[in-house]
Amino acid sequence: MSRASQPEFALPDLRGRTALVTGASNGVGTEIARGLAEAGAALILPVRNREKGESAAARIRAGAPDAGVSLRDLDLARLDSTRALAETLLAERPPLDLVVLNAGIVLLGDPVRHLSADGFELHFQTNFLGHFALTTALLPLLRERRTRVVVQLSLAAGMSTLDWHDLQSARRYAPLRAYGASKVALGLFGYELARRSAAEGWGIVVHLSHPGVVPDTGIAPAMRARDRGGVGRGLAERLGNPPARAAQPALMAAVTDAAPPCFFGPSGALHFGGAASRQRPYRRLTDPVAGARLWSVATQLLGDRADAVRA
Ligand SMILES: NC(=O)c1ccc[n+]([C@@H]2O[C@H](COP(=O)([O-])OP(=O)(O)OC[C@H]3O[C@@H](n4cnc5c(N)ncnc54)[C@H](OP(=O)(O)O)[C@@H]3O)[C@@H](O)[C@H]2O)c1
């Protein structure tokens, strides 16, 4: 095992377990998948780019030659893709012990507000609504398997707010604002899923994590292009985490025995980097009224979209 992928805490033996990780074709997600595979878990990796997926699978197998790695197609920015994956999994009924909702985009440095093919703001759909659609469609399987769900947030979720009258930043757009809002929505969803599971006895275990600041990933390409002097990168490199270490909070969330829902992140300065540890949740994400409201709004948005497609 390379030093970079050396876990700082011991993952238990995960042989016989199956984990699905979104966004494992690059960055932190590849390292989360690698960590799980090296502990013995079989992997289902839904990716939007098969070539990148194959390349990540090869890197994972290099450290875990016996790992079962199965690629699937998923573009979170397309509801037809999310639906297709859910239907496939519901038909195949893989023994899903763990789902890590890790994929994400942040279009920092790009002032243009982008819409998905479904007409949703791109951060909102990729980071939140796509994961919401996939997870809620899979609920029968997740309940049957008493699956653990790990929700990958961001420091931005602790600093951002959700404008209920402008959830998709249509009136006022800035990339960091839209990214932060999407991660707040994802966090509200995570805690609401935990509450519903506890109240209804679904058996789904939910924990949340964030990776800190991770300069060496594919995220924010436009910002990287503009950061010619390397000032932002220098700061991120000094305080942040390399991808393998940034994967540790999600891995800790994947195996902790602590009562759910817990929140894990890096323990260093400003929580940018350092070893993974349990952290206090961002209070705005644990509000049950906001969580229930978000679930209802998202369900409505998906329903409206389905009606629009049928019409
Ligand atoms: N890097 C940081 O500083 C940082 C800080 C806080 C939180 N995070 C969070 O950490 C997670 C991982 O980010 P990262 O830094 O590892 O970024 P990354 O290297 O860009 O990886 C993002 C992953 O998400 C996938 N993805 C993006 N859009 C998708 C879509 N429409 N459908 C399916 N998959 C999609 C990407 O697929 P492709 O390979 O096809 O692009 C890639 O596998 C994200 O949720 C991010 O918000 C990162």
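Residues numbered from 1 in each chain as written. Predicted model: local features only at pLDDT ≥ 70, side-chain atom pairs only at ≥ 80, totals over all residues.

A word on the nonpolar core
At step 1: With 91 residues, the main nonpolar core has Ile32, Leu36, Leu43, Val100 and Ala185 as its most contacted residues.
At step 2: Sort the elements by how many residues they give to this core and helix 6 (residues 175-200) lands first, with 11 residues.
At step 3: In contact with Val100, other than residues within four places in its own chain, are Ala19, Val21, Thr22, Ile32, Val150, Gln152, Ala250 and Ala254. (Core = buried A, V, L, I, M, F, W, Y, C linked by C-beta atoms within 7 Å. Buried ≥ 20, exposed ≤ 12 C-beta atoms within 10 Å, placed from the backbone. Helix = DSSP H or I, 4+ residues; strand = E, 2+ residues; numbered from the N terminus. Contact = placed C-beta atoms within 7 Å.)

Regarding helix 2 (residues 50-63)
The α-helix winds at 3.6 residues per turn, so residues separated by three or four positions along the chain end up facing the same way.
At step 1: For helix 2, with 14 residues, the first-to-last C-alpha span of 20 Å sits near the 20 Å given by 1.5 Å per residue.
At step 2: Among the residues of helix 2, Gly53, Ala56, Ala57 and Ile60 are the ones counted as buried. Projected onto a plane normal to the axis of helix 2, the buried residues spread over an arc of 105° and lie on a single side. Away from its buried face, by an angle of more than 90 degrees, helix 2 presents the exposed residues Glu51 and Ala58.
At step 3: Those residues of helix 2 hidden inside the fold are in contact with helix 1 (27-38), strand 2 (42-47) and strand 3 (69-73). (Expected span 1.5 Å × (residues − 1). Arc of directions from axis to C-beta.)

Some words on the pairing of strand 3
At step 1: Here five bridges tie strand 2 to strand 3, and the two strands are oriented parallel to one another. The partner of Pro46 across the bridge, within strand 3, is Arg72.
At step 2: This β-α-β element, strand 2 to helix 2 to strand 3, shows right-handed connectivity. (Pairing = 2+ DSSP bridges. Right-handed = clockwise from strand over helix to strand, strands pointing away.)

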